[in-house]
Amino acid sequence: MKKRLFSGMQPTGALHLGNWVGALQNWIGLLDQYDCIFCIVDYHAITIPYDVAGMERRIIDAASDYIAAGLDPARATIFVQSDVPQHTELAWVFDSVTPLGQLMRMTQFKAKTAQFADMEEEDEQVAGEEERSEFLEKAGKVNAGLFTYPVLQAADILLYKGEAVPVGEDQVQHVELTRDIARRFNNRYGEVFPECRPLLSPTPRLMGLDAVNKMSKSIGNHIPMQTPPEEIIRRVTREAVSDYRRQRRQDPGVPEECNVHAWHKVFSTPAEVEWSAQGCRSAGIGCFECKKKVAENIAGQLAPYREKRAEIAARPDYVRDVLAEGAKRCREIAAATMEEVRTKLGLTRGR
Ligand code: TYM
């Protein structure tokens, strides 16, 4: 029997190049090796402010992106988290075996708190009374869901007894926490959950247009997969930050420290990577040329996705059917796991 693989993405907006090379491409490469379940984690997405009216659209968009990028529904189960109520049920059980201290160490929680409280931690320390109350007011926007978010993620994976979890680098800490939660549950109540491990893609961290932060929807330094080719070329040539040393065309640069060169390593042929490195070091090519080449490659590699995406858009019921079927299978697996969990917890009265 194949081992179970579980992964997911938030429907927070159009999927971008980071999601594509950091997760999706990896998922597609693992389709035949594992029993694959892919989730659109809408309950995770409500932990930050969002547009309620557009949620349904974003869920369908995310599912369409999964399929158009190559996740074949005949070889993988695709479903929406909120269609399977046991995710939140198991999360509550896991809350009761998770130390607060461990959740406080989660980097994503710290980053999101800083982002959504609109202030850095240091600011709080030096703040006077007025700044402090301003901080507290802003921190009030950070909800408990953002804090227990990784526990829900552990429930997502373990509800299906997932063993392989392909994610980008930013999610590795959450997968490690999942392993700890499984161990703690098993030790206290008896063996139910397997050990899981993260599977990193060859590009576990793609930097954004700004070259300083990982590509991210919430930072806005991203290129959505749906961007038309001309727009990709326009945005990359205008907005991508290259080596600061190359102020003028004749200034030589250090390709190893340039994000545009890093993108070449992901999207270009070995010969083009060499061309970019040599040209940068010798000032033989300009940054514009270098950016244009990588942008053309990105646009070209997205062509099959774009074509499939247009096909899917013309069949709206198709995606809904895939999700309904996925939810049906997942509810069955989830019900069986929760039955086991409740028995271990001693919550069997009435059955
Ligand atoms: P999310 O929605 O932020 O991202 C989805 C996937 O894309 C990867 N990723 C990147 N990889 C490389 N470079 C980047 N710039 C980049 N940006 C995003 C992420 O690492 C991730 O693999 N908490 C998760 C969703 C989740 C989940 C799960 C994942 C909920 N439950 C269970 C796995 C298993 C998240 O916010 O991913």
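For every chain, the first residue of its written sequence is number 1, and the numbers climb from 1 along that sequence. Given that this is a predicted model, residues contribute local features only at a pLDDT of at least 70 and side-chain atom pairs are listed and counted only at 80 or more, while totals for whole chains, interfaces and linings are drawn from all residues. As a convention, hydrogens and water are excluded, and side-chain values are obtained from all of the structure's heavy atoms.

A separate point is the pairing of strand 2 (residues 35-40). Between buried and exposed lies partly exposed: a residue is buried under 20% and exposed over 50% of the maximum accessible area for its type, with that area taken using a 1.4 Å probe on protein chains only. Helix numbering and strand numbering both begin at the N terminus, where a helix is a DSSP run of H or I of at least 4 residues and a strand a DSSP run of E of at least 2. Of all the 6 residues making up strand 2, 6 are buried; the element is thus mostly covered by neighbouring parts of the structure. By the alternation rule, side chains of strand 2 split into Asp35, Ile37 and Cys39 and Cys36, Phe38 and Ile40, which are all buried. As defined by bridge partners, strand 1 (residues 4-9) adjoins strand 2 across 6 bridges and the pair is classed as parallel. Bridge assignment links Arg4 to a residue of strand 2, and that residue is Asp35. Any two strands with at least two DSSP bridges between them are considered paired. Inspection of the sheet shows strand 2 paired to strand 3 (residues 77-80) by 4 bridges, in the parallel sense. Paired with Cys39 across the bridge in strand 3 is Phe79.

Okay, the domain arrangement of the chain next. Reports of interface size often rely on the accessible area that becomes lost once the parts have come together. When its domains are assigned, the chain resolves into domain 1 (4-206 + 316-345) and domain 2 (229-301). Each domain's limits were defined by an automated method or a database of domain assignments. Spacing between the C-alpha centres of domain 1 and domain 2 amounts to 34 Å. Contacts: residue pairs with any heavy atoms within 4.5 Å of one another. Domain 1 puts 5 residues into the contact, and the matching count from domain 2 is 5 residues. As a working definition, buried area equals the accessible area (1.4 Å probe) given up by two parts on being put together, with both sides summed. Taking both sides of the interface into account, the surface hidden between domain 1 and domain 2 amounts to around 440 Å²; carbon and sulfur atoms contribute 87%. Between Lys or Arg on one side and Asp or Glu on the other, a salt bridge is scored when a side-chain nitrogen of the former is within 4 Å of a carboxyl oxygen of the latter. At the junction of domain 1 and domain 2, the tally comes to 0 salt bridges. Between N or O atoms, a polar contact is any pair within 3.5 Å; within protein, one atom must be a potential hydrogen donor and the other a potential acceptor, and residues adjacent in sequence are included only when both atoms are from side chains. The tally of links between domain 1 and domain 2 comes to 0 residue pairs in polar contact (both at pLDDT 80 or more). In the scheme used here, Gly and all other residues not listed as nonpolar or charged are polar, with Ala, Val, Leu, Ile, Met, Phe, Trp, Tyr, Cys and Pro taken as nonpolar and Asp, Glu, Lys and Arg as charged. Looking at side-chain class alone, the side of domain 1 that touches domain 2 contains 4 nonpolar, 1 polar and no charged residues.

Quick look at the environment of Gln278 now. Here Gln278 lies in helix 13 (residues 270-282). Here the alpha-carbon distance between Gln278 and Lys217, two residues 61 residues apart in the chain, equals 32 Å.

Expected span of a helix: the number of residues minus one, times 1.5 Å. With 30 residues, helix 16 (residues 316-345) extends 43 Å between its outermost C-alpha atoms, agreeing within 8% with the 44 Å of an ideal straight helix rising 1.5 Å per residue. Listed in full, the buried residues belonging to helix 16 are Val319, Val322, Leu323, Gly326, Ala327, Cys330, Ile333, Ala334, Thr337, Met338 and Val341. With its phi angle positive at about 80°, Gly346 sits one or two positions after the end of helix 16.

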